[in-house]
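Examination of the molecular architecture
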Amino acid sequence: MEGITEGVNSMSLGVDTQKKSRIQVSHTKKPLFFYVNLAKRYMQQYSDVELSALGMAIATVVTVAEILKNNGFAVEKKIMTSTVDIKDDSRGRPVQKAKIEITLAKSEKFDELMAAANEEKEAAEAQEQS
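Residues numbered from 1 in each chain as written. Predicted model: local features only at pLDDT ≥ 70, side-chain atom pairs only at ≥ 80, totals over all residues. Heavy atoms only, no water.

Let's shift gears to the overall build of the protein chain. Scanning the protein chain for helices and strands turns up four helices and four strands. Its helices and strands in sequence order give the protein chain the pattern α-β-α-β-α-β-β-α, from N to C terminus. Of all 130 residues assigned to the protein chain, the portion counted as buried reaches 26%. Across the protein chain, the fraction of contacts at a sequence separation of at least 24, relative to all contacts at a separation of at least 6, is 68%. Total accessible area computed for the protein chain in this model is approximately 9,100 Å², and 51% of it derives from carbon and sulfur atoms. (Helix = DSSP H or I, 4+ residues; strand = E, 2+ residues; numbered from the N terminus. Buried < 20%, exposed > 50% of the residue type's maximum accessible area, 1.4 Å probe, protein only. Contact = heavy atoms within 4.5 Å. Areas by Shrake-Rupley, 256 points an atom, 1.4 Å probe, with all protein chains shown as cover.)

To continue, consider the nonpolar core. Side chains of a nonpolar character, in soluble globular proteins, are inclined to be buried together. Of all hydrophobic cores here, the largest spans 23 residues; its most connected members are Ile23, Leu51, Ala53, Val61, Leu68 and Leu104. Those elements giving two or more residues to this core turn out to be α2 (32-46), β2 (48-54), α3 (58-70), β4 (93-106) and α4 (110-129). Sorting elements by how many residues they give to this core places α3 first, with six residues. Ignoring any residue separated from it by four or fewer positions in sequence, one finds Ala53 in contact with Val25, Ile58, Val61, Ala98, Lys99 and Ile100. (Core = buried A, V, L, I, M, F, W, Y, C linked by side-chain atoms within 4.5 Å.)

It is worth spelling out the packing of aromatic side chains at this point. One pass over the structure, following the stated rule, counts three aromatic pairs. Ring geometry for Phe34 versus Tyr35: centroids 5.3 Å apart, planes at 80°, classification edge-to-face. For Phe34, a relative accessible area of 36% puts it in the partly exposed group. Looking at Tyr35, the relative accessible area reads 4%, which means it is buried. Between the aromatic rings of Phe73 and Phe110, the centroid separation amounts to 6.0 Å while the plane-to-plane angle is 75°, which identifies the pairing as edge-to-face. Highlighted residues: Phe73 in the loop between α3 and β3 (74-88) and Phe110 in helix α4, separated in sequence by 37 residues. Assessed through its relative accessible area of 8%, Phe73 is described here as buried. In this structure, Lys30 packs its charged tip against the face of Phe34, placed 5.0 Å from the ring centre. A cation sits over an aromatic face here: Lys40 above Phe73, 4.3 Å from the ring centre. (Phe/Tyr/Trp six-rings, centres within 6.5 Å; stacked < 30°, edge-to-face > 60°. Lys NZ or Arg CZ within 6 Å of the ring centre and 35° of its normal.)

What follows deals with the pairing of β3. Strand direction decides the pairing type here: β3 and β4, joined by 14 bridges, are antiparallel. For Lys87, the partnering residue across the bridge sits in β4 and is Pro94. The hairpin formed by β3 and β4 contains four residues between the paired strands, and Gly92 there has a positive phi angle of roughly 75°. (Pairing = 2+ DSSP bridges.)

Moving on: the side chain of Ser52. Considering the arrangement of structural elements, one finds Ser52 in strand β2. Setting aside anything within four residues of it in sequence, one finds Ser52 in contact with Arg22, Ile23, Gln24, Val25, Val61, Lys99, Ile100 and Glu101.

Quick look at the sheet that holds β4 now. Judged by pairing direction, the sheet is mixed, and its four strands sit side by side in the order β1-β2-β4-β3 without closing on themselves. Of all strands in the sheet, those bounded by a partner on one side alone are β1 (22-24) and β3. Each strand axis lies, on average, 20° off the axis of its neighbour in the sheet, ignoring direction. (Axes fitted to C-alpha atoms, helices over the stretch in contact; angles between N-to-C directions.)

Shown next, in the form of structure tokens:
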């Protein structure tokens, strides 16, 4: 019985980690670099991050992923597209929306790039104070 309990507990831990490292991107609520910086923080904490978006926000997710990849912070792990039914209150019937999920993992250079970025930030702050 204990073996089953341990198995169930380890399964739920895997699911929790996946949900915790998911960023649901909005088209209008936050600026682009908010999501770029948030994804960097998530990768520091969880080593990989899932960017998720619906409809018009898909372009934002793709841009965030490309910025992280082109600057050497992340590597693409998985891209999944689908459609989801969302109930439209004004029409009273379900509407299909496109959905994308991009999973990124830390690149090999991630830690040294983050250290360099922090050094630049500290140098800029020191210069402002003097």
